[in-house]
Each structure stands twice: as C-alpha cells, then as structure tokens.
Amino acid sequence: MSFYRLLLFCYPSGFREEFGDQMAEFFRDQYRDARRSRGARGAFLLWLGVLSDLVKVAVKERLSMFVQDVRFSLRTLGRNPAFTLVAVLTSALGIGAATAIFSVLNGVLLKPVPFAEPDRLAMVYLNAAERGVPRSHFSVADFLDWRAHDRAFEQAAAFGAWGRYLTLDGAGEPEQIPGTFATSRFFAILGVRPVLGRVFEPGDDEPGRARSVVISERLWQRHGADPRMVGATVTINGNPHTVVGVAPASFHYPNRDTEAWAILPLTPPMRRGPYYLRGIGRLKPEVAADQAEALLRGVPLGVRNGAAPDQRALNFTVVALQDQMVGDVRPMLLMLLASVGLLLLIAIANVANLQITRAAGRASEFATRLSLGAHRWQIARQQLTESLLLSVAGGALGVLCAVGGVGLLRWAAPANLPRVDEVTVDATVLGFAIVISVVAGTLFGLAPALRASRGQLSPSLSEGGRSGTHGRERGRLRSSLAVGQIALSCVLLIGAGLLVRSFAALQDVTTGFDTPGLLTVQLSPSGPRYADDVATRTFYRELLDGVRSIPGIDAASLSSTVPPGQGGFSENITIEGAPPEDEPVLLLPIVEPGYFRTAAVPVLAGRAFTEADTAESPQVTLVSDSFARRYFPNQLAVGKRLRIGGRGRPNIPWLTVVGVVGDVRYGGLQAPLDPVFYVPHAQNTVRAMHLVMRSALPPSSLRAAIRQRIAALDGTIPVPEPRRIDDLLYESIAQPRFRTVLVATFAVVALLIAAVGLYGVISYGVTQRQREIAIRIALGAQAHEVSASILREAVVLAVLGVAAGIGGALTLQTLVEKFLFGIIPTDAPTFAAVAVVLMAVCLLASYIPARRAARVDPILSIKAC
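Residues numbered from 1 in each chain as written. Predicted model: local features only at pLDDT ≥ 70, side-chain atom pairs only at ≥ 80, totals over all residues. Heavy atoms only, no water.

Q: Go over a nonpolar patch on the surface, please, and point to the residues and values.
A: A cluster of nonpolar side chains, Leu85, Leu89, Leu397 and Leu400, forms an exposed patch at the surface whose accessible area comes to about 380 Å². Taken together, the elements giving at least two residues each to the nonpolar patch come down to α3 (81-110) and α11 (376-412). Note that leucine 85 resides in helix α3. Among the residues examined, leucine 85 registers a relative accessible area of 53% and is labelled exposed. (Patch = residues over 30% accessible without salt bridge, like charges linked within 9 Å, V, L, I, M, F, W, Y side chains within 5 Å. Areas by Shrake-Rupley, 256 points an atom, 1.4 Å probe, with all protein chains shown as cover. Salt bridge = Lys/Arg side-chain N within 4 Å of Asp/Glu carboxyl O. Helix = DSSP H or I, 4+ residues; strand = E, 2+ residues; numbered from the N terminus. Buried < 20%, exposed > 50% of the residue type's maximum accessible area, 1.4 Å probe, protein only.)

Structural data, given as structure tokens:
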C-alpha cells in the first residue's frame, strides 16, 4: 500500500474502494506541484495540512461509526433482556470478585509501606537456623554487640514487648493497653513526626536517663485530648514514664492495635537473655538487604561482667521491611488472586458460550446483512461492541459489588493481616477493573465475532432460521468451552477441598491440655509496693485464695504464658554434661503450683511443683516430654540438671529436673511441639502473669467477681475481660479459616457457573436436534433411550472436564502445598470426592434438557420443521 493510500485508510471503506485511486493520484500531484513551486518546506507544510484534515475526518468517522455500533448494540441487547441480564450478572460476578481480591493485594502488597524512604528500611533477626528458626528474637546483649560492629545501617533500633500489654496509670483510670518497648532511634528510622510534643531522641535509652513514652493519638483522644498530657507522668509496669509526645493516628507499628511506645533502657545486661527483641534499621544508601546480612555475619559475642571470653559469633537475618510486613501473607494473597482468576476465566467462558449460542440463532440475520452489502468486519465489530458493552456493564456492577466486598473482607480479615486498613477501592483498583472488563469483553466476544464474520451466506439463507442441525464446528467450540469451565471448576474445587480438609485437620490438633472451660486473664501489678519479689508473690497468693473461693470456679492457678502465644519469653540454657557449644534457647513458662492440674496437663514422670518449692528451697524445674526425648534420649530425665543463661552466668545455681509433663502447643495449633522447661513462680518471680481458671460459667459473668477480689487487694490494677482459651485458639487460626472460606466460596460459585454453562450447551443441543429426536421417536425410540443419549453427551463432556481438571490440579499442586496442614497435595479422598461431586452436578444440569428431549412430540416437531 502506498503512503497516499495509507492516508486514506481512515476514510469509509466504500469511499476508498470507489475513489481511492483518484484521491491518491490527486495527493501525489498536489505534493509534486508544491515541491516544485514552494520547495521542500512548502511541500512539507502542504503534507501537514493534508494529514491534519485526514486525522480530523478519521476521528469524526470513527466516532460516528462507534456511536452507531453502540446504539445498534443497545437496541439488540434490549430485545433479549434475559440473555443480557444473565451475561451482565455472570461477568459482574467474576469481575467484582477479582476486583475485591485485587484491592486487598494492592493495599497489602503493592503499596509501599507508609514510612520515609521505605526501600531502605530493613528488619533484623537473630539467625537460629540450627534450631529451625532463621528469624529468632534476640536479647539486649545481642543488640549491643550488633550496634558495636555495625557497618550496614545508618541507624539501628530494637523493639519488642515483654508482655502483650502495658499497664498505664496516672492518666485517669488504670488500663491495660497494647504497647511496645523501643530504643531511641525507633521513630527516626521510620520517619515519624509527632502531632504533639516530640518522639524519642538520641540518648533517651541510655542507662540512668528518665524514662519516656510516646502515646498514640487514639489513646490521647480517649483521655480527652488534653495538651497538658504531654509532660505528665504515667506508670508503665511499675516504672514512672514521662509522656513526651503523641504519635499520629496513622502510625501503629508494629501492631495494628499498638497505643504506646515506651523507651527501652539499654542497661548492660548480666546475661545474654531473655530473648524478646527484633531489630529495625535504615540501610546505608549503597547497601541492600542481602549485602547487609553479609556485613553482619560473624558479629563477635561481647565479654560481659567478667565472664570468660566467648569465641562464638552471632549471625543475623536481614529482611526488607516491606517483605517482612507482608511476607507471611504474600503467598496467601497470591493464591487467592489465582483462585479468583480461575473464577473469572470460568465466567468469561460462560458468557462466551452464551454469545456463541446467541450468534448461532442470529445466523440468518447476519446472512441477510451480508447479502445487502455489509462487510464481515462490520458484523464482527458489532459483535465485539455488544460484548464490550456487556463487560463494561458487568464491570460497573462488579465495582459496586467490590466496594461492598472490600468492606466485608476488611470486617472478616484476620487480625494478623497487615495493612488491612489501607485496603480500599482507589484509582489503581478502578483501573484494574476497567482493564479486566475490557479484556474480558474482548475474550468472550472474540470467538462469536469471528464466527459471525465467517458465516456462510447460502446455507443460512436457505435454512431461513429453521431449526436444522447445528454445525459441527460451532458445536465443538461450545462443547470445548463447557469442558474448559468444568476443568477450571475442578481445579478450584480440588484446591478448596484440600484447604477444607487441611483446616479440619488443624482443628483436630491436640493442644496438650483440656481447653473447654479454661479461662485466662492477664494481670500486671505495678507500682512501688511490688518493688520486691516477696510483695509480688504475696499478692498473687492472696489473689488465688480469693479467686478459688468464687462460686463456679473449679480451679485456678498462674502462668506467665498461655496458648496461643500469649505472653512469655525464651531463655538460653546450659544442660549439664552437654557440649559447651550446645546452649538451646527455649520457651520458659513460669507457673504456680496447681497450674498443671488446672490446665489438665499430665505429669508423665516424677512430680509437679508444690508449695514446698519456695525461694529458699533447692531450685527445680519441670521439662516437657519433647524436651526429655531430645536432650535426654534413652535416659531418665528426672534428676538431670540445667542452668538458665548459658555460660555467661556461671554463678547461677543449677536447676534439678523433678518431673516430666506433657507437651503443650504454646505457639498455637500450627506451631511445632518445641521443647519447653518450667520454673515455679516462687523461684523466678515476674509481675506479668496470666490468671488461669477452669469454670463452666460464661466469662462475662465472672469479671465482676474477679474484679472485686483484685480490688480488695489493689484497686489500681486494671482487669480485662476474661477470655476462653478456646476463643483465643479460634482467633489464632483466623488466617487459614479466612483463606479456606474464600476459596471454598469461589469454588462453589465456579461450580454453579460451570453447571449453568453445561446446561446451556446441552439445552441448546436438544433444541437444535429437535427434528432428529422427533424422527427417532417416530421410528420407535423409547423415551429413556433418548434421555440416555443426551445424558451420555453430558457425561462425555463432564469426564473430559474432570480429567483435564485433575491433570491441572496435579500440575499446580506446589502452589497449594505450603497452605496445607496434615494432608498431602495429592490427597486421594479429596480428588475422588471432587470428581464425584462434579459428575453429579453435571448430570443434574443435563437432566432437565434430557427429560425435555424425551417428551418431544414427533408429529408437532416434524410439522414445525
């Protein structure tokens, strides 16, 4: 094609065919004349003018054609409201679900974390890979060693929580609030500016400095938003702190409910433990996270308080903050996006099948238009326009559904889903909805458009719209789409089935104690009266006497930690006779005598703690069954000795193992049964403890009585609502429950769409074969034989779809494997159950068309044909 014909391309096709050669010759002559008379510049200006006119004409022409196509498509769709409604609703279902899940993905994964220069922020953990924990908490001693040998970070900070809550008083009624301890660089690293006062400054964490605290804007508002609160003194866990500032409401790191950040004094520790801190830092401009990890490798352990030199070295794990915040949920969200993508493909295939079926019924219309001079591209363009209108309407409705769905997802999202507050239907999400609407409309409209544009003129006109047998090629395409829907539904159903069975297996996990009727309340007495351990032990002993006297409470005791992961800390220990380098870091619950009886944890060997285990008596410990099997294999654990603190505390007395108790999953149902050792509260006194009770009464009915017993001892201690351990365990598996419910919902919807698609294929096939069926009945075929032939067609499609789906599920098994607990991704019962369900649904979907075929009146049908 010459350049001049290219310029004419935007003109109407009829005009090009009739006048194209003349116009091209005219443009050539004009250009040559202009070049001879005006030179190259004049010819170029003439060319620009012609091009400008052509563009104007082209835009006007194309807009006119587009408006005509839209008007015609609206009239055509309006004449078939049932088809239009089903197509719009089906596409809205797929687009809306995809948009809602993408909004979660966008808010949690794609948006950068809301801190200054987020790409330079990184988390630091102690690498305890030898214990299977590459991201372990570290101690104050470890942080001081890291900071002393740091070459990777501009600024470094440590933060953590000794307990789940901080007890805050001095600013109204005492209350327990979710809080965090942090060193002085914490806010500077994150680039947080206060709305009032200041945040931590360098030197605030030095030993001997007055302790400070930054409170959240939510907490400040709750206390009347009094500016004089900055500068006030509050008590946190018994220590006076000065409120130095108010953090903005948008800041709540590291947890969604954090309301206070107390300074962590960096007093040189007497030992390496306890381990309860995480690190955060701002990388140097030229250092990446993986480079920082290499630079921190081999940090030497410091020599503290006269201990013998330690030749070992610390290894740290460095993770980009963005990856750390979303790392645990990234696979889940990508899996949900893949699931909703399958649902969208099933919806597209369903609408495409509807379009093909409808196009087959309009064959005579297309043939008539072709005979009157219409071009095949015009018919194809018209079909695409109709498809795009359907998808745009479905997309608009889907966005409305997504807005409601996002609100529902935020409400149902597990508490540990990060950044859920940032999940909204914003411009990015709307752009995604527009793109997938256009893509979906193109996909489910392309096949019908090509089919309509390639329609045969003579056969269509000769049939005149009468119900002849449908073409094999068109039937194969519809059948292929139905098989594809069944296959995709099979993949989604198998994934959902595996997650459901995995979740059921998770709920069947034994916690190690009898959870029904077990309640807990976290207490943290503070103030000068608890400055010594004797006063703390006296308070708890009197409290237990009072609580045990409450009607309805069958037993009560104390523990520093309760499942799942409520409170507690870990310690490194030295086991007598073990190699010097073997100093495991293990969870250390501190308990009162009677705890194992209250929690129904069995004593497997030796004895439990008794009232005789006091601060003056020999130091004792209990170990879990997994501890005894790991560290004392083929030996009697009772009588063995261990020491808290490792080699850095040679003067600490040895603890004698007096008993072995059953394993308890303190980390939750999904956590492994790690070794645990216990010490009595009388010999290792801490203030923050969990009151553990057994009662058949509702927790709310006990709060007043418990508060009364506590107030009689100390009215300044806040008392939260008692919680059932069962409820805490239920909340701990919120994330697997969330993803299981969503994927199962997608799978059920996909199954229904696939069933509707198969019903449409079989039903349309029966309609097109009505004359054939009538002749068979007239020749003596029985009704059950006709039904069986129709059902056989459905069974063939279902078997092909199920086989393809099982093959796809086996290929994609690695995608779901990481989300399974207690089962394998090739779980045979799940595959078999899904195959049976799909076959049953497919047979049910084809039963009505098969029954209608068996009731065909041969005389009326042959006359009608």
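Q: Residue-level account of the environment of leucine 587, with values.
A: If you trace the backbone, leucine 587 turns up in strand β20 (residues 585-587). Overall, leucine 587 belongs to the partly exposed group, its relative accessible area being 21%.

Q: Before we move on, could you go through the confidence of the model for the protein and cite the residues and values that matter?
A: Mean pLDDT over the protein works out to 80, with 78% of the residues at or above the 70 mark. Low pLDDT, under 50, characterises residues 303-311; the stretch is placed with 10 contacts to residues that sit more than four places away or in other chains. (pLDDT = per-residue confidence, 0-100. Contact = heavy atoms within 4.5 Å.)

Q: Kindly report on the pairing of strand β24 (residues 641-644), identifying the contributing residues and their values.
A: Relative to β24, strand β19 (residues 570-575) runs antiparallel, the two sharing three bridges. Note that in β24 the partner of isoleucine 575 across the bridge is leucine 642. By the bridge criterion, two bridges tie β24 to strand β25 (residues 655-661) in an arrangement that is antiparallel. If you follow arginine 641 over to β25, its bridge partner there is threonine 656. (Pairing = 2+ DSSP bridges.)

Q: For the packing of aromatic side chains, give the residues involved together with the corresponding values.
A: The tally for this structure, following the rule as stated, stands at 25 aromatic pairs. Centre to centre, the rings of tryptophan 146 and phenylalanine 153 are 5.8 Å apart; their planes meet at 75°, and the pair counts as edge-to-face. Taking relative accessible area as the criterion, tryptophan 146 reaches 0% and is therefore assigned buried. Here phenylalanine 187 and tryptophan 261 contribute two aromatic rings whose centre-to-centre distance is 5.8 Å and whose plane-to-plane angle is 75°, an arrangement assigned as edge-to-face. With a gap of 74 residues between them, phenylalanine 187 in helix α5 (residues 186-190) and tryptophan 261 in strand β10 (residues 260-263) connect regions that are remote in the sequence. Of the two residues, phenylalanine 187 and tryptophan 261, neither departs from the other in class, the shared state being buried. Connected via pairs of aromatic rings, a cluster forms that spans Phe115, Phe159, Phe186, Phe187, Phe200, Phe251, Tyr253 and Trp261. Above the ring of tryptophan 654, the side-chain terminus of arginine 643 is found at 4.4 Å from the ring centroid. Over the aromatic face of tyrosine 730 sits the side chain of arginine 737, whose NZ or CZ is 3.6 Å from the ring centroid. (Phe/Tyr/Trp six-rings, centres within 6.5 Å; stacked < 30°, edge-to-face > 60°. Lys NZ or Arg CZ within 6 Å of the ring centre and 35° of its normal.)

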